[in-house]
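Listed below, chain by chain, are the residues.
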Amino acid sequence: MSEPHVPGCSYESYSACSARSWMGGSSTQAEMAHTCRGTINLATAHIDTEDACNIVLSSGGRTYHLKASTEVERQRWVTALELAKAKAIRMMNDQSGNGVGDEIQGTLKTLVSKLDDLSTCNDLIAKHGAALQRSLSELEGLRVPVDGGEKIKAVNERATLFRITSNAMINACRDFLDLAETHSRRWQRALQYEREQRSHLEQTIEQLAKQHNSLERAWREAPAHTAKAASRKGRGPKEEASDEDEDTEFFDAMEDSPAFITVRASEAPQHRSGGPGPSEASGRDQGALRTRRSHITQKPNYSLNLWSIMKNCIGKELSKIPMPVNFNEPLSMLQRLTEDLEYHELLDRAARCDSSLEQMCLVAAFSVSSYSTTVHRTAKPFNPLLGETYELDRSEEHGYRSLCEQVSHHPPAAAHHVISQRGWTLWQEITIASKFRGKYLSIMPLGAIHLHFHSSGNHYVWRKVTSTVHNIIVGKLWIDQSGDIEIVNHKTKEVCQLKFSPYSYFSRDVPRKVTGVVAQGDGQAHYILSGTWDEKIESAKIVQSSRRGSSTEGKQKTVYQTLSPKLLWKKYPLPENAENMYFFSSLALTLNEAEEGVGATDSRLRPDQRLMEEGRWDEANSEKQRLEEKQRAVRRRREAEATDFEGYQPLWFHQRRDSITGETNFVYKGGYWEAKERQDWSMCTEIF
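These remarks concern the structure in this document. (Residues numbered from 1 in each chain as written. Predicted model: local features only at pLDDT ≥ 70, side-chain atom pairs only at ≥ 80, totals over all residues. Heavy atoms only, no water.)

Let us now look at the sheet that holds strand β2 (residues 54-59). Pairing within the open sheet is antiparallel, and its three strands lie in the order β1-β2-β3. Bordering the open sheet on either side are β1 (46-49) and β3 (62-67), each of which pairs with just one other strand. Going across the sheet, the axis of each strand differs from the next one's by a mean of 20°, ignoring polarity. Where β1 lies against β2, four bridges are found, and the strand directions are antiparallel. The residue of β2 that forms the bridge with His46 is Ser58. (Pairing = 2+ DSSP bridges. Helix = DSSP H or I, 4+ residues; strand = E, 2+ residues; numbered from the N terminus. Axes fitted to C-alpha atoms, helices over the stretch in contact; angles between N-to-C directions.)

Under the counting rule described, the total for this entry stands at zero disulfides. Here Cys353 is not disulfide-linked; the sulfur of Cys361 is the nearest cysteine sulfur, at 8.8 Å. Taking the relative accessible area as the measure of exposure, Cys353 reaches 10% and is therefore buried. (Disulfide = S-S within 2.5 Å. Buried < 20%, exposed > 50% of the residue type's maximum accessible area, 1.4 Å probe, protein only.)

One can find Arg394 in strand β7 (residues 389-394). Arg394 gets classed as buried once you look at its relative accessible area, which sits at 3%. Of note is the side chain of Arg394, whose polar atom sits 3.3 Å from the side chain of Thr590. Beyond its immediate chain neighbours, meaning those up to four positions away, Arg394 contacts Arg292, Gly399, Tyr400, Leu587, Thr590 and Glu595. (Polar contact = N/O pair within 3.5 Å; in protein donor to acceptor, adjacent residues only side chain to side chain. Contact = heavy atoms within 4.5 Å.)

This part covers the packing of aromatic side chains. For any pair of aromatic rings, geometry is given as the distance between the ring centres together with the angle between the planes. One pass over the full model with this rule turns up eleven aromatic pairs. An angle of 90° between the planes, with centres 5.2 Å apart, marks the rings of Trp652 and Tyr672 as edge-to-face. Highlighted residues: Trp652 in the loop between α13 (617-641) and β22 (653-657) and Tyr672 in helix α14 (residues 672-678), separated in sequence by 20 residues. Across this residue pair, the class does not change: Trp652 and Tyr672 are buried. (Phe/Tyr/Trp six-rings, centres within 6.5 Å; stacked < 30°, edge-to-face > 60°.)

On their own, these measurements won't tell you what the molecule is for.
As structure tokens, then:
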């Protein structure tokens, strides 16, 4: 048996060349599929040794017995055959695959086979190294010169075999290193390409999300407005009256839900704007607003990646995260709280109502109207500094005075008190809890709102629903309101249950839908409320109620027969060019207008907020950082100096236990408006 040789390669360069996998020279896939006489497929062959010089190859029922002249030659053949078998297996696997995935798998298999080659050579080196060591040990123990010659010859053979195996190991290592370096460069280029493709895909998804939101908004608004205009234009008064009789609205309802089924009763046509009851639509005094400003500096077009900041804020309390003014609007949270009074006329009308049920309808409409300004307002208001205040004196125009104060910073809490010359007082303490969840931001207002009417003594209490800001990562930001509001008149025990339906892409209901029922303390329903929190609320008086057969859930449904609905509240249109002024309403445009005589801690005097309103955002960011650091230093100093630290004590509010809810909250203790008349603000601290 001669030197091992695979066609096209010498043994010494065998491991570095592209060896064929057939002993007879076959190397193509067609040749693998069709065997010729005298050939054997090494990919499926089993290689074994019988003694010092014989080799046995068996595959597919064929067996070949090969004999080498020496043990060294036999071992060289075994090594060459094992390497050729590994390459044959790799070649067969490579040719059976296709595409990018097969290429990757082939590369991995190649690297694995190279590692197997290294492992095989390592075992051979260990084996022959041990044999060489034994021969050397025997050589040291020789005493007869004749035996010494034979042993020296054996040692030379062992050393030669060890050298050959070591060279094969070195060549296999070099092949593996070269292959790894080559594929490493390819994988780096592939990784860079994938990163670029991912970035491009993210940009494409963002553009698609924007287009989707625009199309969806156009689909919701344009067809409805066009259909309403066309129907009104082509109908006369008689046709409208007949339509009211023909239209029947149905709402699925259960016993434990404020939903219901409504059937309109036939009635004579009624005017939509009647006397001073819940059928009146709210209006505003345009003359008073003419003396106030109607526009502010347009919002600069500064781009900033929201996700680059928000990705580190997941699961954290939003009020504790320092944010640039790029995400703000030039109003503080105290001013946003005061903005709930935009539809104060509803409370003025409610104070004149003789019926507590009609009064409840108007109070419910007022509670819903406070959300109408949020539909486009996705920017975040400024977090007030501890001790910051905001007053809104509209006693001459609308008969009310409003005062807010930031009474706590962690958690952020604001106390609000409003007194009206037209017969009502409103107060509340709101704590804002917010959590960023990666895809959306949840804002949970905690605290009760109290409303007291002076003449009747009716005392109403309710709480706000959860606001959710969607598309934080990709797409256009939008806000949704969801949850239930229970308004309770604690004097008469009358209750109004309002349900804010969350937006669903698959729902057939109108977006931002609100439904409700006004009932006596014994549960008897008197009014049905319906509408949307961004447009209008209507009430319909119930004339008859009945039960209907069991539903699929096993519960009976209540059917309410009502009169035609009357408009309670309708949203004011936004000012011209509002989209470039943070979508502010007419009232919001005036909230930060400079006024003389306000308290030294008033939000109008806050420098970072004023700079942002003027469009100087870089200066506003620097000023915001200064104010926040100043507030931290004051808190540290207050805690260090106080021997019996009880926390910050507000200036205009103090804590009292509420006799109705049982909660301890901040209520107005008086003194602010008297201090304003004297223009004595010496008790105010310097927070700006």
